Amino acid sequence: MASAWWPCLILALLSGLAASGFPRSPSRPLGKRSLPEGVVNGIEVYSTKISCKVTSRFAHNVVTTRAVNHADTAKEVSFDVELPKTAFITNFTLTIDGVTYPGNVKEKEVAKKQYEKAVSQGKTAGLVKASGRKLEKFTVSVNVAAGSKVTFELTYEELLKRHKGKYEMYLKVQPKQLVKHFEIEADIFEPQGISTLDAEASFITNDLLGSALTKSFSGRKGRVSFKPSMDQQRSCPTCTDSLLNGDFIITYDVNRESPANVQIVNGYFVHFFAPQGLPVVPKNVVFVIDISGSMHGRKMEQTKDALLKILEDVKEDDYLNFILFSGDVTTWKDTLVQATPENIEEARTFVKNIDDQGMTNINDGLLRGISMLNKAQEEHSVPERSTSIVIMLTDGDPNVGESRPEKIQENVRNAIGGKFPLYNLGFGNNLNYNFLESMALENHGLARRIYEDSDANLQLQGFYEEVANPLLTGVEVEYPENAIQDLTQSAYQHFYDGSEIVVAGRLLDEDMNNFKADVKGHGAINDLTFTEEVDMKEMEKALKEQDYIFGNYIERLWAYLTIEQLLEKRKNAHGEEKENLTAQALDLSLKYHFVTPLTSMVVTKPEDNEDQTAIADKPGEGGHGFFSGPLHGLPDQLPASSNALLLRGWGPPLHHPSPAERRRHLLQRR
């Protein structure tokens with residue numbers, strides 16, 4: 001289920017400091033003085049707070065760092081935060097000596113013009129770029145006069161997605177120095193009630209575990225607090241460096257007395273669906289594995305290790321086969337075979353003997369696997385109520401046979417015909433990930449990058465575990481006719497155990513007394529319908545108890561989910577359809593102040609007696625490039641991987657075009 005893929009709320013805080021000298025400020029007298037502990041290069045970060053408020057899986061996060069310059073000269077202070085790739089920045093403010101410089105979200109095309117002007121003037125620094133597997137790094141720096149204070153505040157939001165039965169907040173903490181007031185605070189409110197809540201960190205000692213970390217939950221509310229003193233932050237009793245360097249993870253789940261839960265606030269609703277205790281639907285799995293020469297060595301060994309572990313978990317009711325492709329295509333068996341103990345043992349022997357060779361014929365490998373699944377279903381050689389899945393792993397681009405990505409996509413789309421999903425796993429960085437993702441998405445699957453690391457085999461196993469237990473197929477969520485509008489995705493090929501389907505929308509009649517939602521799907525034994533009815537008066541009464549609600553959270557959840565799905569659809573759209581999807585996503589991004597791939601955050605800040613402007617752009621997949629330092633010459637366009645947060649000269653006021661103007665602009669560009 002594509003919408004339930006990335007479950008994590010991830011935040012890494014690095015209070016990085018860059019100190020450089022500037023002419024001495026006359027406001028600060030010279031002379032020796034005693035500096036507070038924790039001062040580095042004259043800069044004291046005296047407060048860092050990460051505040052997370054989660055209401056019904058929707059997380060609103062504020063990261064605030066306060067610093068003071070104790071030096072006799074101006075210094076540069078940097079603010080670095082790593083946040084989830086799936087999150088949208090909603091605000092950034094910079095406060096210097098009580099004066100606040102707010103951020104504004106603008107259309108990226110408008111911001112690009114100012115970017116080009118900045119480059120021509122050689123004024124650019126800073127960035128937002130991809131950082132590791134699941135993070136983006138936000139960086140901004142400012143010159144702070146001697147004796148002055150600065151406050152950085154970054155806000156971002158994200159819908160937490162259920163993954164293997166849990167919602168997870170993963171915080172990578174690295175303040176780089178002792179901080180007088182350091183605090184992580186997470187408040188969770190779940191109307192269904194919280195069933196489990198835990199928190200742990202890789203760097204926590206017994207001393208920290210006993211006093212600095214507290215966690216509790218009761219009924220609908222949960223709270224985690226981590227507040228170490230300066231002495232508890234020390235890497236040793238006499239050290240001045242911090243031991244806060246590692247992962248801080250919060251996990252929780254909710255009570256599921258009913259398979260579904262509907263919440264309605266101010267004319268917007270969200271519908272969560274995650275049934276439990278259903279029998280697993282048997283599956284027919286074809287593994288299409290790249291064995292070209294580039295897979296030689298560790299990648300091939302890790303792939304074989306993962307496949308051997310997966311074979312241990314395959315259920316006897318499942319059917320499977322292996323398709324190997326290099327320059328040619330070979331198969332383990334001519335048809336799908338049942339996962340009997342004898343066949344699994346034979347499959348293990350086959351996997352152990354896989355060897356790498358030759359080129360990369362993705363087209364023929366995929367078509368062979370798809371044909372095998374189609375034939376098995378047509379000939380009824382697999383269980384009638386089973387479901388089919390194709391999982392492909394490759395580490396490169398097609399270079400033999402049909403090698404045109406658009407033609408391969410067409411062939412695969414026609415062969416599958418919407419009957420089952422395709423999951424593409426891209427091993428490493430030397431491949432066209434956009435091609436793999438686009439092909440998977442248009443066949444109701446998704447793509448996942450497998451990182452070349454010591455745990456690559458665990459990444460492969462982890463992926464299989466997520467799709468190993470389908471509980472329902474052909475899932476459709478239905479609501480009363482003429483009662484709703486602006487509905488997010490409401491049909492899914494599969495519901496997998498441990499995940500969750502989330503649908504949101506708007507009510508046409510806010511004064512209705514009752515709201516009914518039906519979820520229909522095919523189970524392992526029979527067809528099922530799950531009905532959830534909501535009494536609007538009772539709902540309104542219950543909402544008054546929700547102390548942790550941050551404003552219009554369901555409306556923002558709906559906007560987040562709608563934008564996310566519009567951007568996903570846009571990847572495979574063309575012409576007028578793509579322009580309409582772009583316009584819709586852009587309108588919502590601007591209305592709700594989200595930094596998405598279509599918008600940029602613009603922050604004006606003081607710099608050397610003139611205003612400078614910071615621009616934060618959201619990276620795309622594999623965004624590694626950035627601009628820093630003086631640049632000369634203008635690029636034709638912002639590269640997809642530039643992900644620049646740019647500090648540059650202030651130009652004329654930004655024009656905020658209307659939706660109609662944006663659509664005209666898009667049509668003119670055609």
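No experiment lies behind these values; they were computed from the predicted model shown.

Spatially, the four strands line up as an open sheet ordered β27-β25-β29-β30, and their pairing is antiparallel. Of all the strands in the sheet, just β27 (491-496) and β30 (527-535) have a single pairing partner and so form its edges. Geometrically, the sheet is characterised by an average inter-axis angle of 30° between neighbouring strands, direction not taken into account. Judged from the nine bridges that link them, strand β29 (residues 514-522) and β30 form a sheet pairing that is antiparallel. Residue pairing for β30: alanine 517 is matched across the bridge by glutamate 532.

This brings us to the nonpolar core. Core analysis: the biggest nonpolar cluster contains 85 residues, and Phe226 and Phe248 have the highest contact counts within it. By residue number, the principal contributor to this core is helix α11 (residues 553-570), which donates 10 residues. Apart from the residues lying within four places of it in its own chain, the contact partners of phenylalanine 226 are Phe182, Glu183, Ile184, Phe203, Ile204, Leu208, Ala212, Leu213, Leu244 and Phe248. Met295, Ala306, Ile344 and Leu446 belong to the second-largest nonpolar core, a separate cluster that totals 37 residues.

What follows covers the pattern of salt bridges. Applying the stated rule across the entire model yields 28 salt bridges. The salt bridge involving glutamate 157 is made with arginine 556; its shortest N-O contact spans 2.7 Å. Remark: arginine 556 occurs in helix α11 and glutamate 157 occurs in strand β9 (residues 149-159); sequence separation between them is 399 residues. For the pair glutamate 157 and arginine 556, a shared accessibility class is recorded, and that class is buried. For aspartate 253, the salt bridge goes to arginine 162, with nearest N and O atoms at 3.1 Å. With aspartate 253 in strand β15 (residues 246-254) and arginine 162 in the loop between β9 and β10 (167-173), this residue pair connects regions lying 91 residues apart in the sequence.

About the cut-offs
- Residues numbered from 1 in each chain as written.
- Predicted model: local features only at pLDDT ≥ 70, side-chain atom pairs only at ≥ 80, totals over all residues.
- Heavy atoms only, no water.
- Pairing = 2+ DSSP bridges.
- Helix = DSSP H or I, 4+ residues; strand = E, 2+ residues; numbered from the N terminus.
- Axes fitted to C-alpha atoms, helices over the stretch in contact; angles between N-to-C directions.
- Core = buried A, V, L, I, M, F, W, Y, C linked by side-chain atoms within 4.5 Å.
- Buried < 20%, exposed > 50% of the residue type's maximum accessible area, 1.4 Å probe, protein only.
- Contact = heavy atoms within 4.5 Å.
- Salt bridge = Lys/Arg side-chain N within 4 Å of Asp/Glu carboxyl O.

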